[in-house]
Amino acid sequence: MMGQGRPVRAKALALSSLVLAMGAMATVAVSLSLIGQRVTPWERAHAAVEDQNGDLAIMDRRRPAWVTRDTMTATVPPRDPGTAPLVGGGRLARAEDQDVPGMIHADMGAFSVLEDIFGPPLAALRAYVARHWEPTGRLAFFWGGVILAAGVGLTLIALVVAAARRMMLAPLRRLTEHIRQVTNSGDLIAAPPHIGRGELGRLAEAVNGLQQRIARLAYFDTLTALPNRRLLKDRAEQLLRIAHRSNQKAAILFLDLDGFKAINDGKGHATGDSLLQAVGAALKQMVRESDTVGRFGGDEFIVVMHNPAGRTQVEDLAGRMLNRFRRPFQTNAGALFVGVSIGIALYPDDGADLQDLIGKADAAMYQAKGAGGDRSAFLNGDRHRRAADTVDMAQAFREAIFAEQLRLVYQPQVDLSTGSHVRHEALLRWTHPQRGLIRAEEFIHLADSGTLYARLDAWVLRTACELLASGGTAGPLVEVVSVNVSTRHLVDGDLVTLVRRVLTDTNVSPRRLVLEIAGTTAVADKGNAIRALERLRAMDVAVAIDGFGTARTALSDLQTVPADIIKIHRGITRAASQQAAAAAVIHAIITLGHELGIEVVAEGVETETQLAFLLSCGVRVGQGHLLGVAT
């Protein structure tokens, strides 16, 4: 931009100089022309043209006339400036309508001889000099002065503009260019240009102060004044580069406060903020000058150790931090206790880049928190791989719902005395792109632990009811289908609406549908769940308690849950023929079922021995590979 200003300034100066020079030249030319005109003697004008009578033919501007020597001598004084002795003599005669021989066609009223410096002698009359030459000379002199003044004015304007550019516009351009560079590069700590003093200098100082303020907001946590995640990563990457070049070590300590949410919710956010400030100040005092401590987000902090003297020094720092957190912190609400879990990752042992190290330190922190908290831990590789596999499976399962990788197979529930099919249970299968077919037991918890249970229940219900409506044309012939649904879905209140809509859309009778739940022991709002089950039974939809006899169910479910069917867990069925305790449990369940009018179904029937034992106990319906495989 500065380079563009110089040609503009040079053009303005050149133009003003040209106008000034033209005005000066015009004024000088007119002045010289007027100064050079003078009256020549009579002898120099002797060659003037005379007619045959000795009279000079002249032509007045208004009308022609004969002028004699006597008349002109009496009219024009012979010594008057700009004139000379007149030629000829005689009288003055009018020549308005006469063809005057030898008439000189010029705009002259009286004869005189003038010498022009630009050529031969010029014949003119006094009237011409008085009424034409002199006014024309003054007008030219006037316009020459105007042009000269205009040139001087333009020159001054150009000089003022050049000075303004140098004093104001150029500094503003430099300041604007600096702001543009900071905006494009994001370098908020770049030094501003030197502007000088005055108003522009104060403006530059204000911009510099604003830039520093923005830099603090961008790089430092506003609550604890510690480096934020952005600056923390930048410094950590610098330390890792130094460690790589110098063959040194580095350590990442990932800290997460234990019980902070309870304090924040119970005491208020102001107290929580005060506690975070106290924790940040304490951590800053515990590290070396070469180390960096920053707030990673929320109640998470990261400490980057530069070139620790082995694993022992890192463990020593973690131990001192744990001891400090066992003492109270002073806040605006008084002294408060808060714990901490610390995960540690070492460079280059646990990773070569910052993202990998932070991820492993974070995983180690969760291992420490899972072990009870108030401790530090290095990453356990096997546990980390299992956790990573779980995360990968959760992501893949979410994609599977939308990619149509799920399907239903139907396993019959058989009347043990006749062998006929009572109903079919819809079992979920996942065709994984890499792992192949996966059974529901290996992934169904992924839906329950997340927010996919509602979408999954809707898909299973609709797919099963569409099979019922097809009459066997879209799959195996099924008269009654039993579908597993999430217990969490009962609490939401949407399950009843979902079932009613699916049955209406598919035109399936509610009596052909059984919903299986895993008990209500772990349900937070058991009352709401039970009310939802009662509404479903009122619609003639049957309810079954799945996996009865395990930790997920309890005998109290038989008293409170409005159920039509009890399904004995397959683990109890398999052990019934070999363990007396398992046999006693089955006897008790069957007795309770008969007393309460609830149907009992035994899962996991795989051998003839198991089948014979169940028949001896009075079990009417069974399910398992021995009785029929899922298709």
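Structure first, text after, so check above.
The notes below deal with the structure included here. (Residues numbered from 1 in each chain as written. Predicted model: local features only at pLDDT ≥ 70, side-chain atom pairs only at ≥ 80, totals over all residues. Heavy atoms only, no water.)

### Some details on helix H6 (residues 260-267)
Stage number 1. For H6, the full list of buried residues reads Phe260, Ile263 and Asn264. Along the axis of H6, the buried residues cluster in a sector spanning 95°; they form a single face. Away from its buried face by more than 90 degrees, H6 exposes Lys261, Ala262 and Gly266.
Stage number 2. Check the buried side of H6 and you find it contacts strand E7 (250-258), helix H7 (269-286) and strand E11 (334-336).
Stage number 3. Immediately downstream of H6, the backbone of glycine 268 shows phi near 105°, a positive value. (Buried < 20%, exposed > 50% of the residue type's maximum accessible area, 1.4 Å probe, protein only. Helix = DSSP H or I, 4+ residues; strand = E, 2+ residues; numbered from the N terminus. Arc of directions from axis to C-beta. Contact = heavy atoms within 4.5 Å.)

### Let's talk about the nonpolar core
Stage number 1. Core analysis: the biggest nonpolar cluster contains 71 residues, and Phe397, Val499 and Leu536 have the highest contact counts within it.
Stage number 2. If one sorts the elements of this core by residue count, helix H12 (residues 453-470) sits on top with seven residues.
Stage number 3. Residues contacting valine 499, with those up to four places away along its chain left out, are Leu461, Leu513, Leu515, Leu536, Met539 and Val541.
Stage number 4. Core analysis: the second largest hydrophobic core is formed by 33 residues, Leu255, Val279, Leu317 and Phe378 among them. (Core = buried A, V, L, I, M, F, W, Y, C linked by side-chain atoms within 4.5 Å.)

### As for the sheet that holds strand E9 (residues 300-306)
Strand pairing in a sheet takes place through backbone hydrogen bonds and is either antiparallel or parallel in direction.
Stage number 1. Taken in spatial order, the five strands line up as E8-E9-E7-E12-E13 in an open sheet, and their pairing is mixed. Each having just a single partner strand, strand E8 (292-297) and strand E13 (375-378) make up the two edges of the open sheet. Averaged over all pairs of adjacent strands, the angle between strand axes in this sheet comes to 20°, irrespective of strand direction.
Stage number 2. Here strand E12 (residues 339-347) pairs with E13 via four bridges, running parallel. Counterpart to isoleucine 344 in the pairing with E13 is phenylalanine 378.
Stage number 3. Strands in contact with helix H8 (residues 311-325) are E7, E9, E12 and E13; relative to E12, the strand with the most contacts, it is inclined by about 170°.
Stage number 4. The strands touched by helix H9 (residues 354-370) within the sheet are E7, E8, E9, E12 and E13, with E12 carrying the most contacts at an inclination of about 145°. (Pairing = 2+ DSSP bridges. Axes fitted to C-alpha atoms, helices over the stretch in contact; angles between N-to-C directions.)

### A word on unusual backbone geometry
Stage number 1. Omega for the peptide link from tyrosine 347 to proline 348 comes to 5°, which places this bond in the cis form.
Stage number 2. Counting through the fold element by element, proline 348 comes out in the loop between E12 and H9.
Stage number 3. Although it is not a glycine, asparagine 507 adopts a positive phi angle of roughly 60°.
Stage number 4. Looking at the secondary structure, you find asparagine 507 in the loop between helix H14 (495-506) and strand E18 (513-517).
Stage number 5. Residues other than glycine seldom take positive phi values, yet aspartate 540 does so here, at roughly 75°.
Stage number 6. Of note, aspartate 540 is situated in the loop between helix H15 (526-538) and strand E19 (542-548).
Stage number 7. A residue is classified by how much of its surface remains accessible, and aspartate 540, at 40% relative accessible area, is partly exposed.

### Overview of the packing of aromatic side chains
Stage number 1. If you walk through the whole model with that rule in mind, you get five aromatic pairs.
Stage number 2. Seen in terms of ring centroids, phenylalanine 397 and phenylalanine 443 are 5.3 Å apart; in terms of plane orientation they differ by 40°. Their pairing is tilted. A residue pair is termed long-range when its members are at least 10 positions apart, and phenylalanine 397 in helix H10 (residues 381-402) and phenylalanine 443 in the loop between strand E16 (436-439) and helix H11 (444-449) qualify at 46 residues. Each member of the pair phenylalanine 397 and phenylalanine 443 is classed as buried.
Stage number 3. Grouping aromatic residues by their ring pairs yields a cluster made of Phe397, Trp430 and Phe443.
Stage number 4. Directly above the ring of phenylalanine 378 sits arginine 311, whose terminal nitrogen or CZ lies 3.6 Å from the centroid. (Phe/Tyr/Trp six-rings, centres within 6.5 Å; stacked < 30°, edge-to-face > 60°. Lys NZ or Arg CZ within 6 Å of the ring centre and 35° of its normal.)

### Here we look at the environment of alanine 278
Stage number 1. On the secondary structure map, alanine 278 appears in helix H7.
Stage number 2. Looking at alanine 278, the relative accessible area reads 18%, which means it is buried.
Stage number 3. Considering only alpha carbons, one finds alanine 278 and glutamine 330, 52 residues apart in sequence, at a separation of 6.8 Å.
Stage number 4. Aside from chain neighbours lying at most four places away, what touches alanine 278 is Phe329 and Gln330.

### A few points about the packing of H12 against H14
Stage number 1. Look at H12 against H14: their axes get within 9 Å of each other, and the N-to-C directions meet at 30°. If you check the angle between H12 and H14, you find them roughly parallel. Taken as a pair, H12 and H14 cross one another with a handedness that is right-handed. Contact residues: Asp457, Ala458, Leu461, Arg462, Cys465, Glu466 and Ala469 in H12; Leu495, Leu498, Val499, Arg501, Val502, Leu503, Asp505 and Thr506 in H14.
Stage number 2. Broken down by class, the residue content of the contact of H12 with H14 amounts to nine nonpolar, one polar and five charged. (Parallel < 35°, antiparallel > 145°, perpendicular 65-115°, else oblique. Left-handed = near helix turned anticlockwise from the far one by under 90°. Nonpolar A, V, L, I, M, F, W, Y, C, P; charged D, E, K, R; others polar.)

### Re the side chain of aspartate 258
Stage number 1. You can see aspartate 258 is positioned in strand E7.
Stage number 2. A relative accessible area of 17% places aspartate 258 in the buried class.
Stage number 3. A distance of 2.5 Å separates the side chain of aspartate 258 from the side chain of lysine 369, its partner in a polar contact.
Stage number 4. Leaving out residues up to four positions away in the same chain, aspartate 258 has contacts with Val338, Gly339, Val340, Ser341, Lys369, Gly373 and Asp374. (Polar contact = N/O pair within 3.5 Å; in protein donor to acceptor, adjacent residues only side chain to side chain.)

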